[in-house]
Every structure is written in structure tokens, then in C-alpha cells.
Amino acid sequence: MCGIVGYVGSQSALEVVMAGLKRLEYRGYDSAGVAVLADGGLAAAKRAGKLVNLEKELVDRPLPTGSTGIGHTRWATHGGPTDANAHPHLDNAGRVAVVHNGIIENFALLRAELAERGHELSSDTDTEVVAHLLAEEFSGCADLAEAMRLVCRRLEGAFTLVAVDSDEPDVVVGARRNSPLVVGVGEGEAFLASDVAAFIAHTRSAIELGQDQVVELRRDGVTVTGFDGQPAEVRPYNVDWDAEAAEKGGYDYFMLKEIAEQPKAVADTLLGRIDAAGNLTLDEVRISAAELREMDKVVIVACGTAFHSGLIAKYAIEHWTRIPCEVELASEFRYRDPILDAQTLVIAISQSGETMDTLMALRHAREQGAKVLAICNTNGSTIPRESDAVLYTHAGPEVAVASTKAFLTQLVACYLVALYLGQVRGTKWGDEIRAVIRDLSRIGGAVERVLETMEPVRALARSLAGKDTVLFLGRHVGYPVALEGALKLKELAYMHAEGFAAGELKHGPIALIEEDLPVVVVVPSPRGRSLLHDKIVSNIQEIRARGARTIVIAEEGDEAVEAYADHLIRIPVTPTLLQPLVATVPLQVFACELATARGNEVDQPRNLAKSVTVE
Ligand code: M6R
């Protein structure tokens, strides 16, 4: 939530910062602002609404050119999305400018103290206090970095801060506690950002900032210390994707591009994890085989779409390993005093690696002695850094707020973990594991085939643009797929959408069925678990008898559903447990097209942000 950029170098800071903000707008788009140091002073501009409003403001009232600057795109927490609440926030002398991501929990107290000392604060934000505190501290200490350390020691909560001061025109200072901040190191220039996407066009050389660290950026180098002033050990790394990966690449929306990238993302996530003989090699899982054999419970924590991938993982883990597996919303986890110990393997799933609810859940789990394995898409992010081990998904950058390719790759990673557990615990034979891996290796091609047949799904979506409600039903692994279909529709089309386990229908939700209500049904394979299949075919008949318009997603060759489907969406034949990898794709396309038909912003749905760094 909130995107931050800082720059010092020889280019126009305004241009670099604005380009960076464009790449970070997915993190928040309630308002945007910039500040540059130029002509011995500080100049700032900010506007409520999307970045385009700020761009217009800068055309009407250009800022002077300078080569040090900061910028911010906001997801509002304290104070509405107004010009006054937009960042940067300045001190009363207009010398210091600050941008912030997170929540300063003790801001009310600090604000009252500042007011007593004669400061005039003009916004409703928690951030503004920092500009005033920095100005006070800087007047009595050596440099802005030291002032930042002193201020940070007084703050409570989660915060990434980036600041400039006109008295140090070639310096940008950043601080990090709980919210993300990455350093980019170029030739004679340096960058700070919430995400490497902001500076990937300039450098792929990055430094991870640790918890409670302050960084000082100058053209000729970067200095990192703890909040206590002690030099900190830094972890440089090279970003393994380039600027092109963060572009739309000819698609109208990032979401469309990311849906199309799924076959490759799935293949990339398998890459290097299967040896020449078709065996599973998960070297990254640094929790020893002996420890994994001791585990008596798996607990998965995640939010949103990642939570749905966890729900599906439960079926695979329990079926393949016979270890009990619980799946819990990360935001609920630590508040119910869960039973955890050294025999619990906690799996934290997160695309961004920065979701605060998931981070807090994993911290709680580790405090109770559990081992945590992260499944994550973002190299160097906080969740993998604080876990005992990590299995990276290789989806590449996911920019659209609605998660698509990250979901499919999370599923692949979960299947790999489940198989690996089966391998080390001896609950799965080598040839069984190899057979599943062979099936997984074919999934990319199956997703490709689904994508080639999506035109009728798009046409159907357009025809439903005037509807208010869509329901989704599924059984077994199809149930979390139904939940995911409903989530996609809510966040993109702003429609009332709910997912149900089809067997639950008769316990209440069937009362919702009325004439022409669209109901999407995810049908399990008729092979193997045919009982499950037969039951859902009965459910389809029950809702159709009550007037529902049935939209049926079923395997190629499943003839039993044909008589009851008003619209039939075919998916390739896959093993039951792997079906979510293909069944979810039409639901993504459906939601994306409905959002477009309803005139909604596909990549930046209202009220949302990609990376949820507040609890
Ligand atoms: O970055 P994470 O995977 O931890 O994010 C979790 C959720 O916020 C995320 O999946 C969210 O539900 C998506 N916008 C759904 O499309």
C-alpha cells in the first residue's frame, strides 16, 4: 500500500520519480505527489486522485529542475484522499519533505506534543508529524540520516519513510520498519522504492533493507545503519527480470498480459526443480528431511487469492502425505491463540511477500517454535526473509491488482511442497511422484489450450454486464476455485458474487436462486471420483429447476452435464487435484471482461491496492 520513490543522481529527479510512480501506481492510487530539491530550496506538488491529475498539475505549474527528489502514490489510511492529505508532507519552514507507507500508531500523541511546541499541522494524516519531527531533530544534529534515526526511535507502528531536506541537497534518506523499501544502485546515481519495478529501467542492482534500518543515498554511494546508528550488513542482489517484464507489452491491461503469461509462469515455477530422471529436487527447502519427518501438522496462512491457493493445497497435502493440514486466513490467525509447536510446519503464501497480515501470522508462528516455509513471488521481500525457508514462484512481476499468474504458480509450488513432503516422509512412491510431476509438466500446455478458447467466455461476460449478482459453486478442489471466481468478480466488476461449496446449497444459499440468476458451476472430473461428479450434476439440476442460468465449467468429454448447461465452458482433462490450474483461467477471463464491459478500471480496481502492508 502506497508507492514510494526517491532519487539522487544527475538526471532530472522529477522525470525519474514520475516514471517510477507510474510503475508503482498499482500500490495505491488515491493521490500522488512529488518534491524536488532545486535552486537551494524545496519545491513540491501533489494532487488527489490518480497520477494523471498530478501530471496535469505539473504541466500547469512546472517545478524547477533538480537532481534529487522523492515521490508518493497513496492508498489512504489516515485522512481522506484529498490534496491536503496527499504526500509529500512538509515542515512549517518548507525545508523538509517526507513520504510514508504504513501507519504511525502513536501519531496522535506526537501531534499533540508538536502542537504544544507551536507547530501547525495542516493534514489529517499520521505522516505529517514526521516532517515536523525531522525538522526539529535536524536543527540539533549532524545530518538528515541522524535526524531520521532519532525520529524513528520515537515512532510506533509500521513505516517506510523517505525524506529530503533543502539543507542537504544531494541526499535522500530512507527508513524501514515492517513496510517494504529497496535500494537501487546505479552509476553515479541511487534510488529508493517500495518495489524494484520503480527503478528497473535504470539498474538491476538492488540492496535489500532489513528491519529497523536507515539508508542514506548519495550519488557516490549508499550507507545503511540500524536505528541505533550502528553500520548494518547489507544484502545486494541482482533483479532477474528487466523493464520489459513490467510493461504491458501490447496488451490493453496488465491483467490480460498476466493471464496470457500463465503457461510460461507455470513452466518457470517447475524449472530446475525436477531432475533428468523426473525426480523432485527442492534444494531451497532448507528445513531438513529429518525435521519434516517429525512434523505432525501443516498450517497454511495467507490472504485473498493466496488463501484460496492454500485451500486447494490442503487437499493435495492431506491426500499425498496424510498429515493433517489447516488453512487459515492470516488476518485471523494470531488472534485465536492457535496451537503451534516445533512439530508444526507453517506455510505462508504471498505473492508480494509484504502482506502485513501474513507477516504477522508467520512471526507469531515462529515465536511459538513452529518452522515457517514461505511460498512467495517477490525476491528479497520481508516474508521470505523472515521465514525458515522459501520456495519462490517464478511468475515474474505481477502488476495488476487482481492476482492471476501468481495464483497458478502458488498452486504449482503447493503441489511441489506436498509431493516433497510425501517423498521425505515416504507416503508417496517415487513413481507416483514422477507421474504427478509429468502431469504438472503438461499443465502449461493445457492452460494454453484454455486461453485459445476464451472468446465465448468473453461474449458471455459482456452479455451479463447488466446483472447484479453471480454465484459460483464447486466441490472438493472446485470449491476454492468457486471462491476465487467470486473474489475476482467482486474486485474487478464490483458485482455481488459469492462462492459456495455446492453441497451447502440446500442448507440455505439455494434460497438466493431466482429466474435467470447466473450461476457458475465448476464440475469435477467424471473419472475417478465419479460420486462427486454425480452429486454436482444433481446440484446443477436443482438450481436449474429453480430458474438459474447455469454456466458450467466441465472437462472435455463430460457428456453428463450437457443437458443442464445453459452455457458450457470446456477445460482439458487433468487429474482431479490439478484441475484448479485449468478451471480458474476461464473465471479470470470472465471477470476481466465483465469489468471492461462495465467500464471499470481493470488493473486498478477502486479502493484496492496490490500490496496490503497494513493490518
Ligand atoms: O501479496 P499477497 O499474495 O500476500 O496478497 C494477498 C491478497 O491481498 C491478494 O491475493 C488479493 O486478494 C488479490 N487482489 C486478489 O486478486
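Within any chain, residue numbers begin from 1 and follow the written order of that chain's sequence. For a predicted model such as this one, the threshold for reporting local features is a pLDDT of at least 70, and the threshold for listing and counting side-chain atom pairs is 80 or more; totals across whole chains, interfaces and linings nevertheless cover every residue. Side-chain metrics rest on all non-hydrogen atoms present in the structure, leaving aside hydrogens and water.

Student: What exactly am I supposed to notice about the overall build of the protein here?
Tutor: Only DSSP runs of H or I reaching four residues or more are called helices, and only runs of E reaching two or more are called strands; each is numbered from the N terminus. The helix and strand inventory of the protein stands at 18 helices and 24 strands. Its C-alpha atoms give the protein principal-axis dimensions of about 75 × 55 × 40 Å. Classification of residues uses two cut-offs on accessible area relative to the type maximum, computed with a 1.4 Å probe and protein chains only: under 20% is buried, over 50% is exposed, and between them is partly exposed. Burial analysis of the protein (615 residues in total) assigns 61% to the buried set. Each accessible area is a Shrake-Rupley result for a 1.4 Å probe, and residues are judged covered by the shown protein chains and nothing else. Carbon and sulfur atoms make up 48% of the accessible area of the protein, which amounts to about 22400 Å² in all. Charge convention: Lys and Arg are scored as positive, Asp and Glu as negative, and His as well as the terminal groups of each chain are ignored. Charge placement uses NZ in Lys and CZ in Arg. For Asp and Glu, CG and CD serve respectively. Averaging the positions of the 60 positive and the 86 negative side-chain charges in the protein gives two centres separated by 5 Å.

Student: I'm lost on the sheet that holds strand S19 (residues 389–392) in this one. Help?
Tutor: For sheets, the rule is that strands pair by backbone hydrogen bonds, running either parallel or antiparallel. Pairing between two strands requires that DSSP report at least two bridges joining them. Pairing in this open sheet of five strands is parallel, and the strands run S16-S15-S17-S18-S19 from one edge to the other. In this open sheet, the two edge strands, each paired with only one partner strand, are strand S16 (325–329) and S19. Neighbouring strand axes in the sheet, compared pairwise and without regard to direction, differ in orientation by 20° on average. The contact criterion used is simple: two residues touch if any of their non-hydrogen atoms lie within 4.5 Å. To obtain an axis, a line is fitted to C-alpha atoms, over the contacting stretch when the element is a helix, and the angle between two such axes runs from 0 to 180 degrees between their N-to-C directions. Along the sheet, helix H9 (residues 304–321) makes contact with strand S15 (297–302), S16 and strand S17 (344–350), crossing S16 at roughly 175°.

Student: Just to check I follow, could you spell out the pairing of S15 for this structure?
Tutor: Most of S15 sits inside the fold, with six of its six residues counted as buried. Both faces of S15 are covered, namely the face carrying Lys297, Val299 and Val301 and the face carrying Val298, Ile300 and Ala302. Examined bridge by bridge, S15 and S17 share five bridges and lie parallel to one another. In the strand pairing of S17, Val299 is matched with Val346. Two elements, S15 and S16, share five bridges in a ladder whose sense is parallel. Across the sheet, the residue bridging to Ala302 is Leu329, located in S16. Handedness is read with the strands pointing away from the viewer; a crossover is right-handed when the path from the first strand over the helix to the second is clockwise. Handedness of the β-α-β unit built from S15, H9 and S16 comes out right-handed.

Student: Whenever I open this one, the environment of Asn53 confuses me. Can you help?
Tutor: Within the secondary structure, Asn53 is located in helix H2 (residues 51–60). Separated by 20 residues in sequence, Asn53 and Gly33 have C-alpha atoms that sit 9.8 Å apart. Beyond its immediate stretch of four places on either side in the chain, Asn53 contacts Arg47 and Ala48.

Student: Looking at this structure, I do not really get the site of the ligand. What am I missing?
Tutor: Here a residue is considered near a molecule or strand provided that any single heavy atom belonging to it is located within 4 Å of it. Looking at the ligand, there are 15 residues lining it, with Ser350, Gln351, Ser352, Thr355 and Glu491 nearest. Within the contact set of the ligand, an oxygen atom lies 2.4 Å away from a side-chain nitrogen or oxygen of Thr355. At a separation of 2.3 Å, an oxygen atom of the ligand approaches a polar side-chain atom of Glu491. Protein chains bury 91% of the 410 Å² of accessible surface belonging to the ligand in isolation. Every element with two or more residues in the shell around the ligand is listed here: H9 and helix H16 (478–493). When grouped by side-chain class, the residues that make up the shell around the ligand number six nonpolar, seven polar and two charged. Inspection of the shell around the ligand shows a minimum of three residues originating in each of domain 2 (254–441) and domain 3 (451–597). In the analysis that follows, any N or O atom pair within 3.5 Å is treated as a polar contact, provided that within protein one partner can donate a hydrogen and the other can accept it, and provided that, for residues neighboring in sequence, both atoms belong to side chains. Amino acids are sorted into nonpolar (Ala, Val, Leu, Ile, Met, Phe, Trp, Tyr, Cys and Pro), charged (Asp, Glu, Lys and Arg) and polar (every other residue, Gly among them). The split of the chain into domains comes from an automatic or database domain assignment.

Student: What is the right way to look at the pairing of strand S23 (residues 549–555) in this model?
Tutor: Note on strand geometry: in a regular strand, side chains alternate between the two faces of the sheet. Judged by how many residues are buried, S23 sits mostly within the fold: seven of seven residues are covered. Examined bridge by bridge, strand S22 (residues 518–522) and S23 share five bridges and lie parallel to one another. Of the residues in S23, the one forming a bridge with Val521 is Val552. Sheet analysis places S23 next to strand S24 (residues 567–571), joined by five bridges and oriented parallel. Its bridge partner lying in S24, Ile553 is registered against Ile569.

Student: In this structure, what is going on with the nonpolar core? I would like to understand it.
Tutor: Proteins that are soluble and globular tend to have nonpolar side chains buried together. Among the nonpolar cores identified, the biggest contains 127 residues, and Val34, Phe472, Leu489 and Phe590 are the most heavily contacted of them. Not counting residues within four places of it along the chain, the set of residues in contact with Leu489 comprises Val470, Phe472, Tyr494, Met495, Ala497, Phe590, Ala591 and Leu594. By size, the runner-up hydrophobic cluster in this structure holds 30 residues, among which are Val96, Leu114, Ala131 and Phe227. The set of buried Ala, Val, Leu, Ile, Met, Phe, Trp, Tyr and Cys residues whose side-chain atoms join them within 4.5 Å is what this entry labels a nonpolar core.

Student: Help me understand the packing of aromatic side chains in this model?
Tutor: Two aromatic rings are characterised by how far apart their centres lie and by the angle between their planes. Centres within 6.5 Å make a pair out of two Phe, Tyr or Trp rings, where for Trp the six-membered ring is used; the pair is then stacked when the planes are under 30 degrees apart, edge-to-face when over 60, and tilted otherwise. For the structure on display, the rule yields four aromatic pairs. Residues Phe159 and Phe227 carry aromatic rings whose centres are separated by 6.2 Å and whose planes lie at 10° to one another, so their mutual orientation is stacked. In this pair, Phe159 is assigned in strand S7 (residues 157–165) and Phe227 in the loop between strand S13 (221–226) and strand S14 (235–238), connecting sequence segments 68 residues apart. Where Trp320 meets Tyr415, the ring centres are 6.1 Å apart and the plane angle is 55°; that geometry is what we call tilted. Note that Trp320 is positioned in helix H9 and Tyr415 in helix H13 (residues 405–425), a separation of 95 residues in sequence. Taken individually, Trp320 and Tyr415 each receive the classification buried, so the pair is uniform in this respect. In this structure an aromatic cluster arises from ring pairing among Tyr7, Phe191 and Phe199. If you follow Lys50 out to its NZ or CZ, it ends over the ring of Tyr29, 4.8 Å from the centre. Two limits define a charge over a ring: the Lys NZ or Arg CZ must be within 6 Å of the ring centre, and within 35 degrees of the ring normal. The ring of Tyr494 carries Arg606 above its face, with NZ or CZ at 3.9 Å from the centroid.

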